[in-house]
Amino acid sequence: MNGASRIVAVLGPTNTGKTHYAIERMLGHRTGVIGLPLRLLAREVYDKIVAIRGPSVVALVTGEERIVPPRTQYWVCTVEAMPEGMGTDFVAIDEIQLCADPERGHVFTDRLLRMRGTHETLFLGADTMRGPIAALVPQAQFARRERMSQLVYTGSKKISRMPPRSAIVGFSVENVYAIAELLRRQKGGAAVVMGALSPRTRNAQVELYQNGEVDYLVATDAIGMGLNLDVNHVAFSSLSKFDGRRMRPLAPNELAQIAGRAGRGMSDGTFGVTGEASPLDEGVAQAIMDSRFTPMKKLNWRNAALRFGSVDALIDSLEASPDNEHLVKARPADDLNALKSLAQVPEVAARASDGPSIRLLWDVCRIPDFRGISHAEHASLLESIFGHLHERGTIPEDFLARQIRRIDRTDGDIDALSKRLAYIRTWTYVAQRNGWVRDESHWRAETRAVEDRVSDALHERLTQRFVDRRTSVLLRRLKQKEALLAEVNDKGEVTVEGEFVGRLEGFRFIPDKSAQGTEAKALKSASLQALAPQFHLRADRFYNAPDTEIDFTDQGGLMWGEYAVGKLVAGAEPLKPMVEVFVDEAAGPEVEQKVQRRLQHFIDRKIAALFEPLLNLSRDEELTGLAKGFAFRMVEALGILPRAGVAQEVKDLDQDARGALRKHGIRFGQFTIFMPLLLKPAPTRLRLVLWALANGLQEFPEAPPPGLVTVPVAKGAPEGYDTMCGYRNAGERSIRIDMLERLADMLRAEDSRGGFEAKADMLSITGMTLEQFADLMQGLGYKAERGERTKIKPAQPTEQPPAATAEAPTETAEAEAQSDVAVAAEAPAEATDSTEVEAEATAADPASDEPEVEVFYTFTWGRQANRGPRGDQRQGRGKPGGKPRDGRGKPQGKKGGKPQGAKTFSSRPPKKEKAIDPDNPFAAALMGLKDGN
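Predicted model, so just to flag it, every value in this text is computed and none were measured.

1. Points about helix α2 (residues 39–53)
The end-to-end C-alpha distance of α2 is 21 Å, a good match for the 21 Å that 15 residues give at a rise of 1.5 Å each. Buried within α2 are the following residues: Arg39, Leu40, Leu41, Ala42, Val45, Tyr46, Ile49 and Val50. Once α2 ends, the next one or two residues include Gly54, with phi positive near 95 degrees.

Okay, here's the thing in structure tokens:
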């Protein structure tokens, strides 16, 4: 010992920051060691110091754990495991009042008398130790620290009325379990902390409480040993305990040590009683609140100057009496009792015949009795270990493996796991002793792994039995005492404090369906409040998401990945829809507005990209008069107008107006006025949604599969659906309008009066069989007469022409000239979708000589009255005795003669002749014809 060493006793009640002060003082020195009463507390302090100085200079040494880096400067130990003779600059002993403990007191007293730092020594504990320390360590200085918060006695409370963040103290396993079970039923559960649990299990249970998963802690007096817990109230279920020999009442200072766990830092705490415990005497309660207790007079002591000449000499030295009035001989501890028992075994006595053997025997006897089965059982185990060590120098690996293998199981209930945990802790202790096993690192890791597995299993069983996670979360949330941590995984599963409560689909919370009634309402309420930060994080992520992550559905829904986050609603104009978001009210207006803005940006950009030609048309300020009006009609119709409905407007357009409109990509077809770029699948899909919104449809029809020239007519589809799809109904099938215009170009060259047959090109561009084509032609107003004839086999087989592409042909002047004879089909029916081009034939058996017969159709114009864009009656079509028409719909007269038609009279002046469109590819030829007249 260094006489110049500074020795200070820092005394005071709980919650005065003594341990924190000791850590600060130790780190102010180059080296130091601190002794703590519990392995759990040692681990807590070790973690704090490692966080400050790093793991390379901090050691952790307990009976069952040893972490010693090569460059260790600071040692964190349990008091029993403190290394001696280190000569560190600093030494601290925490909870020094344990010198009076009947079981462990002699160890603390030994450290008080013999352990010193070369520069500074601190003793931390209760103020009741002032007298003994002053008497036994005269050079010690004293520093009094006051409690940072008040401790108030609140009397007796039923467990059912226990406030949150309470610790209920019991003094037996049965009592602790009974209280925990009651709290599970009434309060959602409780964490359990007992000295019999392993440090890992205690840590896990404490974490359960500290993290707020449960609001209640049921514990033995183990929580009084410096554990830092967020406890607001401590309730004693009993005021007496079994100290290993007898039931005895707890002294006021012992009650204060436990009650002092209530309140932390500047937060006040309360204490009281519950259950069968009678209310505290007023004087005792006041003494606890004022921290005024009877000073200690005697400290437990055991001789540290041991003699190893013989086993008897060792026992005598251990039983020596102190020569100081402030010390009292400790009652025989487990290690001394084990030594006395083994000394009676002849084989052991024979082996312990010299100093090293006796020292080895004493080291073996100091193995703690973790199992607690019986004194005889423990002595038998120690005898076996001593025999192996003395005979072989180490414990045989096969023997150790068998012991560990029997324990390495995680099945069973709480009691079974508790026993296995006690057994493995014995071998964990053995493996930590230097030289007792051949491969120390292996067996230390092996025993630690088994202890961890069993500890985790025990923690799980305790939690399963004493914690109803769902109820606990709900009750705490409803009281709104603190914010809960909600997590959402990549599948949208929501956990609150680790417990599954439902799913987050976009910005809407879907509670777990297993909850019913009041629990379901509480579950949703609590979860939505806990999810508030998640809603904001998700909204930020959504706002910054690219448009590729967002899409619209055929029913107008707006999706973010697989989740619906909103829907489109009708706006002032078809191309300006609005957005309605799906956001839970609990997410708040800020989240709702952010989601709404992002979705509006998305749909506005989508419309701008897919309908760019149409938007450019609407913004063209150079369009005037009839052209501007027609452009408005095109925009209103989303880029597709059946010609029959705007026949007069088209006729009224002069060539300049048509040219200006064609520059925007408008094609004036015989059947439809349309913009070919808007027939692509993406614009078509969006056009259907916008059209359905503008027309207030409850169920939106879906777009046909892309790439098909014809599709079956949709049964029960709303009027105008085929047009918005870019198709025209004709018979049982609908044909794409650009392909229909190409077919119309072919039909103009045919003799519709005399009749004509389908050409291979007609079948090819429609992708139909002859039967299907006949139905299509009838849907377009033609008559189809079926006939049969002998098939003339060609000299050389020829291939059918390839199917036509979906591209729209260039508009011709001839198509423009025939704009007044557009035809319309209105008879929807269903047909099969076939892409084969074939003539239906009845083939004869090739083995016979009968000629092969083929089916053919003859098509003639057969439009009935009141059909067509101009009104067929007005044009004389379909009237009895009306003039026949050619394939272009023009009246036919005699060959070489002028067409004959009904005379018409008009009172208005002659209409100004339309100028020839200079953009028309046939402009030059038309001009020549005009000049020739």
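Don't stop here, the text continues.
2. Observations concerning unusual backbone geometry
Backbone phi values are negative for most residues with the exception of glycine, while trans is the configuration of most peptide bonds. For Glu95, which is not a glycine, the phi torsion comes out positive at approximately 55 degrees. Structurally, Glu95 can be placed in the loop between β6 (90–93) and α3 (105–114). A positive phi is found at Arg165, a non-glycine position, where the angle reads about 60 degrees. Position of Arg165 relative to the elements: it lies in the loop between β9 (151–156) and β10 (166–169). With a relative accessible area of 12%, Arg165 lands in the buried category.

3. Points about the sheet that holds strand β27 (residues 640–642)
The three strands are arranged β27-β29-β28 in an open sheet whose pairing can be described as antiparallel. This sheet does not close on itself; its edge strands, each paired only once, are β27 and β28 (667–668). Bridge count for β27 against strand β29 (residues 672–674) is three bridges, and the pairing is antiparallel. Looking at the pairing, Leu641 lines up with Ile673 of β29.

4. Things to note about the sheet that holds strand β30 (residues 710–712)
Judged by pairing direction, the sheet is antiparallel, and its three strands sit side by side in the order β30-β32-β31 without closing on themselves. Lying at the two open borders of the sheet, with one neighbouring strand each, are β30 and β31 (727–730). Ignoring which end each strand starts from, the neighbouring axes of this sheet average 30 degrees apart. Sheet topology places β31 next to strand β32 (residues 733–736); four bridges connect them, and they run antiparallel.

5. Topic: the packing of helix α1 (residues 18–27) against α2
In contact at an axis separation of 12 Å, α1 and α2 are set at 40 degrees when each is read in the N-to-C sense. Put simply, α1 runs oblique to α2. When the axes of α1 and α2 are compared, the crossing they make is right-handed. Counting all contacts with α1, which are made through Thr19, Ile23, Met26 and Leu27, the residues of α2 involved are Val45, Lys48, Ile49, Ile52 and Arg53. Taken together, the residues that form the contact of α1 with α2 break down as six nonpolar, one polar and two charged.

6. Details of the side chain of Arg538
Within the element layout of this structure, Arg538 appears in helix α19 (residues 532–543). No salt bridge is formed by the buried Arg538, whose closest oppositely charged neighbour, Glu562, lies at an N-O distance of 8.8 Å.

7. Focus on the environment of Leu638
Examined against the element boundaries, Leu638 turns out to sit in the loop between α22 (625–636) and β27. Judged by relative accessible area, Leu638 falls into the buried class, the value being 2%. For the pair Leu638 and Leu615, spaced 23 residues apart in the sequence, the C-alpha separation amounts to 9.8 Å. When sequence neighbours within four positions are dropped, the list of residues in contact with Leu638 reads Pro574, Leu575, Phe611, Leu614, Leu678, Arg687, Leu690, Trp691 and Met724.

8. Overview of the packing of aromatic side chains
Inspection of every chain in the model, using the stated rule, returns 12 aromatic pairs. Centre to centre, the rings of Tyr153 and Phe271 are 5.2 Å apart; their planes meet at 45 degrees, and the pair counts as tilted. Placement of Tyr153 in strand β9 and of Phe271 in strand β16 (residues 269–273) is noted, with a sequence separation of 118 residues between them. Assigned by exposure class, Tyr153 and Phe271 land together as buried. Ring plane angle 85 degrees and centroid distance 4.9 Å describe the contact between Tyr782 and Trp861, whose orientation is recorded as edge-to-face. Of this pair, Tyr782 sits in strand β33 (residues 782–790) while Trp861 sits in strand β35 (residues 853–861); the two residues are 79 residues apart in sequence, bridging distant segments of the chain. Three or more aromatic residues joined by ring pairs make a cluster, and in this case those are Phe756, Phe773, Tyr782, Tyr857, Phe859 and Trp861. When the ring centre of Phe552 is taken as origin, the NZ or CZ atom of Arg685, which lies over that ring, is 4.1 Å away.

9. With respect to the pattern of salt bridges
It is possible for side chains bearing opposite charge to pair when their charged atoms get close. In this structure the tally under the stated criterion is 52 salt bridges. Note that Arg409 and Asp411 form a salt bridge whose closest N and O atoms lie 2.7 Å from each other. Sharing partners across several salt bridges, the network here consists of Arg39, Arg43, Asp47, Glu64, Glu65, Arg425, Arg448 and Glu451.

10. Considering the confidence of the model for the protein chain
For the protein chain, per-residue confidence averages 82 on the pLDDT scale, and 82% of positions sit at 70 or higher. Throughout residues 801–844 the model reports pLDDT below 50, and contacts reaching past four residues in sequence, or to other chains, amount to 136 contacts. Taken together, the stretch residues 864–912 has pLDDT below 50 and engages in 63 contacts with residues farther than four places along the chain or on a different chain.

Rules used in this analysis
Residues numbered from 1 in each chain as written. Predicted model: local features only at pLDDT ≥ 70, side-chain atom pairs only at ≥ 80, totals over all residues. Heavy atoms only, no water. Helix = DSSP H or I, 4+ residues; strand = E, 2+ residues; numbered from the N terminus. Expected span 1.5 Å × (residues − 1). Buried < 20%, exposed > 50% of the residue type's maximum accessible area, 1.4 Å probe, protein only. Pairing = 2+ DSSP bridges. Axes fitted to C-alpha atoms, helices over the stretch in contact; angles between N-to-C directions. Parallel < 35°, antiparallel > 145°, perpendicular 65-115°, else oblique. Left-handed = near helix turned anticlockwise from the far one by under 90°. Contact = heavy atoms within 4.5 Å. Nonpolar A, V, L, I, M, F, W, Y, C, P; charged D, E, K, R; others polar. Lys, Arg positive; Asp, Glu negative; His and termini not counted. Salt bridge = Lys/Arg side-chain N within 4 Å of Asp/Glu carboxyl O. Phe/Tyr/Trp six-rings, centres within 6.5 Å; stacked < 30°, edge-to-face > 60°. Lys NZ or Arg CZ within 6 Å of the ring centre and 35° of its normal. pLDDT = per-residue confidence, 0-100.

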